[in-house]
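Inside the fold
Spelled out from the first residue to the last, the chains are:
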Amino acid sequence: MGRMKVSLAALVTLAFCFSANACPPGDRAALLAFKAALNEPYLGIFNSWAGTDCCTNWYGVSCDPDRRVADIVLRGESEDPIFEKAGRSGYMSGEIAASVCQLDRLTTLVVADWKAIAGEIPACIPSSLPILRIFDIVGNQISGKIPADIGSLGRLTVLNLADNKLTGAIPPSIVNLGSLMHLDLTNNKLTGEIPSDVGKLTMMSRALLSRNQLTGSIPSSFANIYRLADIDLSMNRISGSIPAQLGTMPVLSTLNLDSNRLSGSIPTSLLSSAGLNVLNISRNSLEGNLPDVFGPKTYFTVLDLSYNQLRGSIPKSLSSAKYIGHLDLSYNHLCGPIPVGSPFDHLEASSFANNDCLCGSPLRTC
Ligand SMILES: *[C@@H]1O[C@H](CO)[C@@H](O)[C@H](O)[C@H]1NC(C)=O
């Protein structure tokens, strides 16, 4: 009898969906509550959020084959003609309502670059949206903490919370995001340390944490992440030495550690790595000599070592590099002749300025 009731109810629901071409009333109500918490005064994108069928022609909303809401994609910087017509980029205030948590089949939640959306990340998101794959709220004014249980989003591939006002620490549970490929927490007010077991994020290819107030040291477990191509920890308060393991990572091509409090010497492995093309470790307290490990495989588009405490001379091997686009050795304590060779031909005096006693072109003759 009970079973009979259930299937009857299911049938009635199905019939209703197909006949009236409506989306599930619960999803529709959740979207309307989400809309009510936001104010978009210039483009009128929410004017389209009307009528019974939230799966059709609701701007930025799409549904899965079961007609459950699967994606909300609202980007304030977009190619969409409505932006061109309005002659402006997006602006929206208000907040992200917790009603979004009722959309339990959501795979994409993008509410990006609206400049003025404030409030906090709804605490219910990690426990309520089990199949969320993309969570992107870049470019708003979202404050508060990253939910402690963020790590329960087992299918999350993109977590972009950059350019907001988030505070508190990076939750330790973040290392449980086993599908995460792209992590961007740039330009918030995050404090505390990078979890030492960040290396558990084995799918990650980009780890962008710059412009926060992170402390502690660089976890050497980063080096366990085989796919990691881009690490940006610049403009934080990170101390300790640079783990030598970073220089052995198979696909790491960009490493930005500039404007931190790093000390110790520059690992030889970083400068001899053939894959690393952008290395900025400017404005730290790195010391010691520049290791003599350059050669025909050396290929840097950026090698910025300025504003440190480097001593000794510029290794002759650097002149045998295949290519060095932007070299900056200024504001160190280097001394002796600048090597001659093609990587140095295009460099200006500013690349070598404010050292102890460097000489030779493009500086004064020795
Ligand atoms: C390297 O970092 C410094 C300090 O954060 C910054 O001023 C500089 O522009 C960066 N260098 C390059 C080539 O981007």
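Keep in mind the model is a prediction, meaning the values are calculated, not measured. (Residues numbered from 1 in each chain as written. Predicted model: local features only at pLDDT ≥ 70, side-chain atom pairs only at ≥ 80, totals over all residues.)

Considering the overall build of the chain
The helix and strand inventory of the chain stands at 6 helices and 21 strands. Over its C-alpha trace the chain gives a radius of gyration of 26 Å, far above what one expects of a compact globule, namely 21 Å for 366 residues. Projected onto the principal axes, the alpha-carbon positions of the chain cover approximately 95 × 50 × 35 Å. Partitioning the intrachain contacts of the chain with sequence separation of at least 6 by distance along the chain shows that 50% fall at a separation of at least 24. (Helix = DSSP H or I, 4+ residues; strand = E, 2+ residues; numbered from the N terminus. Rg over C-alpha atoms; globule rule 2.2 N^0.38 Å. Contact = placed C-beta atoms within 7 Å.)

A few points about the sheet that holds strand β4 (residues 92-95)
Taken in spatial order, the 3 strands of this open sheet run β1-β4-β6, and their pairing is mixed. The sheet is open, and its two borders are formed by β1 (38-39) and β6 (115-118), each paired with just one other strand. In the sheet, β4 pairs with β6 via 4 bridges, with the strands oriented parallel. Counterpart to S93 in the pairing with β6 is A116. (Pairing = 2+ DSSP bridges.)

What to know about the UniProt feature "domain: Leucine-rich repeat-containing N-terminal plant-type" (unreviewed entry) in the chain
Annotation from UniProt places "domain: Leucine-rich repeat-containing N-terminal plant-type" (unreviewed entry) at residues 25-64. Structurally, residues 25-64 is divided into 30% helix and 12% strand, and its ends, taken at the C-alpha atoms, are 15 Å apart. (UniProt positions renumbered as here; feature names shortened; annotations may be inferred.)

Quick notes on the nonpolar core
Nonpolar side chains in soluble globular proteins tend to be buried together. Counting 94 residues, the largest nonpolar core has V69, L106, V111, L185, F222, L228 and L246 as the members making the most contacts within it. Elements supplying a minimum of two residues to this core: α2 (25-36), β3 (69-75), β5 (108-112), β10 (206-208), α5 (268-272), β17 (299-304) and β19 (323-328). When residues no more than four places from it in sequence are discounted, the contact partners of V69 are C23, D27, L31, C54, V61, C63, L103, R105 and L106. (Core = buried A, V, L, I, M, F, W, Y, C linked by C-beta atoms within 7 Å. Buried ≥ 20, exposed ≤ 12 C-beta atoms within 10 Å, placed from the backbone.)

Some details on the domain arrangement of the chain
Domains assigned within the chain are domain 1 (33-283) and domain 2 (286-366). Taken together, the contact between domain 1 and domain 2 spans 17 residues of the former and 17 residues of the latter. For the side of domain 1 that touches domain 2, the secondary structure elements donating two or more residues are α5 and β15 (278-280). Residues that form the side of domain 1 that touches domain 2 fall into these classes: 7 nonpolar, 8 polar and 2 charged. (Domains from an automatic or database assignment. Nonpolar A, V, L, I, M, F, W, Y, C, P; charged D, E, K, R; others polar.)

Thoughts on the site of the ligand
Residues in contact with the ligand, as listed here, are S234, D258, S259, N280, S282, R283, V302, D304 and H326. Viewed by domain, the shell around the ligand spans two of them, domain 1 (33-283) and domain 2 (286-366), each represented by three or more residues. (Near = placed C-beta within 6 Å.)

Digging into α2
Because the α-helix completes a turn every 3.6 residues, residues three or four places apart line up on one side. Counted at 1.5 Å a residue, the expected span for α2 with its 12 residues is 16 Å, and the 16 Å between its end C-alpha atoms agrees. Along α2, the positions that sit buried rather than exposed are D27, R28, A30, L31 and F34. Looking down the long axis of α2, one finds its buried residues gathered within 160° of arc, a one-sided arrangement. Check the buried side of α2 and you find it contacts β2 (61-63) and β3. (Expected span 1.5 Å × (residues − 1). Arc of directions from axis to C-beta.)

Examining the pairing of strand β20 (residues 333-337)
One ladder, built from 2 bridges, connects strand β18 (residues 309-312) with β20; its direction is parallel. When the bridges of β20 are listed, G312 appears paired with L334. Pairing analysis gives 3 bridges linking β20 to strand β21 (residues 357-359), with the strands arranged parallel. Its bridge partner being in β21, C335 is matched across the sheet by C357.

Let's talk about the sheet that holds β21
Spatially, β16-β18-β20-β21 is the arrangement adopted by the 4 strands of the open sheet, whose pairing is parallel. Each having just a single partner strand, β16 (287-289) and β21 make up the two edges of the open sheet. Mean inter-strand twist for the sheet, computed between neighbouring axes without regard to direction, equals 30°. Looking at chain direction, β16 and β18 are connected through 3 bridges and run parallel. (Axes fitted to C-alpha atoms, helices over the stretch in contact; angles between N-to-C directions.)

Concerning the environment of G192
With respect to the helices and strands, the residue G192 is situated in the loop between β9 (182-184) and β10. Residue classification places G192 among the partly exposed residues on the basis of 15 C-beta atoms within 10 Å. Sequence separation between G192 and Q213 is 21 residues; the distance between their C-alpha atoms is 7.5 Å. Residues contacting G192, with those up to four places away along its chain left out, are A169, I170, L214 and T215.

As for unusual backbone geometry
Geometrically, the link from S361 to P362 is a cis peptide bond, its omega value of 5° lying close to zero. Within the fold, P362 resides in the segment after β21. For K115, which is not glycine, the phi torsion reads 70° and is therefore positive. Position of K115 among the secondary structure elements: in strand β6. In the Ramachandran plot, R211 falls in the positive-phi region, its phi being about 55° despite a non-glycine side chain. Tracing the backbone shows R211 in the loop between β10 and β11 (230-232). Since 20 C-beta atoms lie within 10 Å of it, R211 is described here as buried.

Re the environment of T301
Inspection of the secondary structure assignment puts T301 in strand β17. When the C-alpha positions of T301 and P24 are compared, they lie 53 Å apart, and in sequence the two are 277 residues distant. Apart from the residues within four sequence positions on either side, T301 is in contact with N277, V278, G325 and H326.

Quick look at the environment of Y299
Structurally, Y299 is set in strand β17. Expressed as a C-alpha distance, the spacing of Y299 and S196, which sit 103 residues apart in the sequence, is 30 Å. If we ignore the near neighbours within four places in the chain, the residues touching Y299 are N277, K322 and Y323.

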